[in-house]
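Now for the letters of each chain:
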Amino acid sequence: MRHNVFLSAGHFVNDPGAIYKDLKEGYITRQVRDLVIEQLQNYPDMLTVYAVPDELNLVQSITWVNKRATYLDAGFALDIHFNGAQPASGAEAFFYTGNEKSKALAQKLLDQYLKQTKIKNRGVKPDTASRAKRLGWIRDITCWSLLIECAFLQGDYDYLKTPGNLNKIAEGIVDGIFSIFGLSKPSIVEVIVPPHSEGWQTKLTKIINGLDTSAEQIKTFVGDLSKLLQ
């Protein structure tokens, strides 16, 4: 069974969102959204990924998703944001106020996100605790939907400017999506076999599904394979 994932970069192209120094929320959310899509597309048998067009405003984005997800379990929709120019730091996820399953999904998303990014935990919060007091993305989309504030542009500025950390943010979101659907992300081990090894393909890929494959297990696998090929 393939699951549908709908991703929004938070602010459409004519809305820069929050700004701090050289960071613009609208731009950085699109960067993260694209990195998430790039990773999720490695699993076409498990997930179908939809990017909400960047030229659509919030109301139009909700309509766009609802045309493709017409019932509650038709997929999962995530709106990606960054908090603004405030000295606070950390990540938080918003859920539908009063809905326990929505809260549980938000917790799964945030737990996996924090495990990957190591960003401060600001917790899961009902959408009524947001500045808007009501989040249309969560209230008006037909399928399950959440909003994540990945970090603060000011308080987490150094983190966001550190090379590689946007990839960690994207990977944390990917891990959260897998957790929401109750899926195990396959571990892929790729080994290049020396061309002179007769009888073997020049590239061997082993995909280990549903296993908790640690770095040590991978090293052991590669070591055993190297001995076999000698």
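As the structure is a prediction and not an experimental result, all values here were calculated from the model.

About the thresholds
Residues numbered from 1 in each chain as written. Predicted model: local features only at pLDDT ≥ 70, side-chain atom pairs only at ≥ 80, totals over all residues. Heavy atoms only, no water. Helix = DSSP H or I, 4+ residues; strand = E, 2+ residues; numbered from the N terminus. Buried < 20%, exposed > 50% of the residue type's maximum accessible area, 1.4 Å probe, protein only. Areas by Shrake-Rupley, 256 points an atom, 1.4 Å probe, with all protein chains shown as cover. Phe/Tyr/Trp six-rings, centres within 6.5 Å; stacked < 30°, edge-to-face > 60°. Lys NZ or Arg CZ within 6 Å of the ring centre and 35° of its normal. pLDDT = per-residue confidence, 0-100. Contact = heavy atoms within 4.5 Å. Pairing = 2+ DSSP bridges. Axes fitted to C-alpha atoms, helices over the stretch in contact; angles between N-to-C directions. Right-handed = clockwise from strand over helix to strand, strands pointing away. Expected span 1.5 Å × (residues − 1). 1 Å grid on protein atoms, 1.4 Å probe; cavity = no way out; pocket = protein on both sides within 12 Å on 5 of 7 lines; lining within 4 Å. Points joined across faces, edges and corners; volume = space filled by probe spheres on them.

1. Re the overall build of the protein chain
So, point 1. When you go through the protein chain residue by residue, the secondary structure sums to seven helices and 10 strands.
So, point 2. Expressed as a percentage of the 230 residues in the protein chain, the buried residues total 47%.
So, point 3. Of the accessible surface of the protein chain, which amounts to about 12,100 Å², a share of 50% is contributed by carbon and sulfur atoms.

2. Brief notes about the packing of aromatic side chains
So, point 1. Under the criterion given, the structure shown has three aromatic pairs.
So, point 2. An angle of 15 degrees between the planes, with centres 4.8 Å apart, marks the rings of Phe6 and Tyr50 as stacked. With a gap of 44 residues between them, Phe6 in strand β1 (residues 3–8) and Tyr50 in strand β4 (residues 47–51) connect regions that are remote in the sequence.
So, point 3. A cation sits over an aromatic face here: Lys21 above Tyr157, 4.9 Å from the ring centre.

3. Comments concerning the confidence of the model for the protein chain
So, point 1. In the predicted model, the protein chain carries a mean pLDDT of 87, and 81% of its residues have values of at least 70.
So, point 2. Within the model, the stretch residues 189–193 combines pLDDT values under 50 with 22 contacts to residues more than four positions away or in other chains.
So, point 3. Predicted confidence is poor over residues 195–214, with pLDDT under 50, and the contacts of this stretch with residues over four places away or in other chains come to 34 contacts.

4. Section: the sheet that holds strand β7 (residues 121–126)
So, point 1. Strand order in the open sheet made by the six strands is β4-β1-β5-β8-β6-β7, with mixed pairing throughout. Both outer strands of the open sheet, β4 and β7, are each paired with one neighbouring strand and no more. Between one strand and the next, the sheet's axes are offset by a mean angle of 20 degrees, whatever the strand orientation.
So, point 2. Bridge analysis of strand β5 (residues 76–83) against strand β8 (residues 144–152) gives seven bridges, and the strand direction is parallel. In the strand pairing of β8, Ile80 is matched with Ile148.
So, point 3. Contacts between helix α1 (residues 25–40) and the sheet are confined to β1, β4 and β5, with β5 contributing the most and set at about 140 degrees to the helix.
So, point 4. Helix α3 (residues 100–117) rests against β5, β6 (91–95), β7 and β8 of the sheet, and its axis sits at about 35 degrees to β8.

5. Side note on the pairing of β7
So, point 1. When β6 meets β7, the two strands line up parallel, connected through four bridges. Along β7, the bridge assignment pairs Phe94 with Lys125.
So, point 2. At this point the chain moves from β6, through α3, to the parallel β7, and the crossover so formed is right-handed.

6. Section: unusual backbone geometry
So, point 1. Backbone geometry at Lys21 places phi at a positive 55 degrees, although glycine is not the residue there.
So, point 2. For Lys21, the position within the fold is in the loop between β2 (19–20) and β3 (23–24).
So, point 3. Of note in this structure, Lys133 is not a glycine but carries a positive phi near 70 degrees.
So, point 4. Take Lys133: it is sitting in the loop between β7 and α4 (136–140).

7. Side note on helix α6 (residues 165–180)
Structurally, the α-helix is built with 3.6 residues per turn, so residues lying three or four positions apart point the same way.
So, point 1. Taking 1.5 Å of rise per residue, 16 residues should cover 22 Å, and α6 covers 23 Å from first to last C-alpha, within 8% of that figure.
So, point 2. Backbone geometry just downstream of α6 places Gly182 in the positive-phi region, at approximately 70 degrees.

8. Thoughts on the layout of surface pockets
To find leftover empty space, one rolls a probe the size of a water molecule over the atoms.
So, point 1. Computed from the structure, the largest pocket encloses a volume of approximately 670 Å³.
So, point 2. Surrounding the largest pocket, 36 residues form its lining, His11, His81, Leu135, Leu147 and Glu149 being those nearest its centre.
So, point 3. At the level of secondary structure, the elements contributing two or more residues to the lining of the largest pocket comprise α2 (58–68), β5, β6, β7, α4 and β8.
So, point 4. Counting residues per element, the lining of the largest pocket draws most heavily on β5, at four residues.

9. What about the environment of Tyr27?
So, point 1. Mapping Tyr27 onto the fold places it in helix α1.
So, point 2. Exposure remark for Tyr27: the relative accessible area of 51% places this residue in the exposed category.
So, point 3. Once the C-alpha coordinates of Tyr27 and His11 are considered, the two residues, 16 residues apart in sequence, prove to be 8.6 Å apart.

10. Topic: the environment of Lys115
So, point 1. As for its position among the elements, Lys115 is in helix α3.
So, point 2. Owing to a relative accessible area of 53%, Lys115 belongs among the exposed residues under this scheme.
So, point 3. Residues Lys115 and Lys168, 53 residues apart in the sequence, show an inter-C-alpha distance of 9.8 Å.

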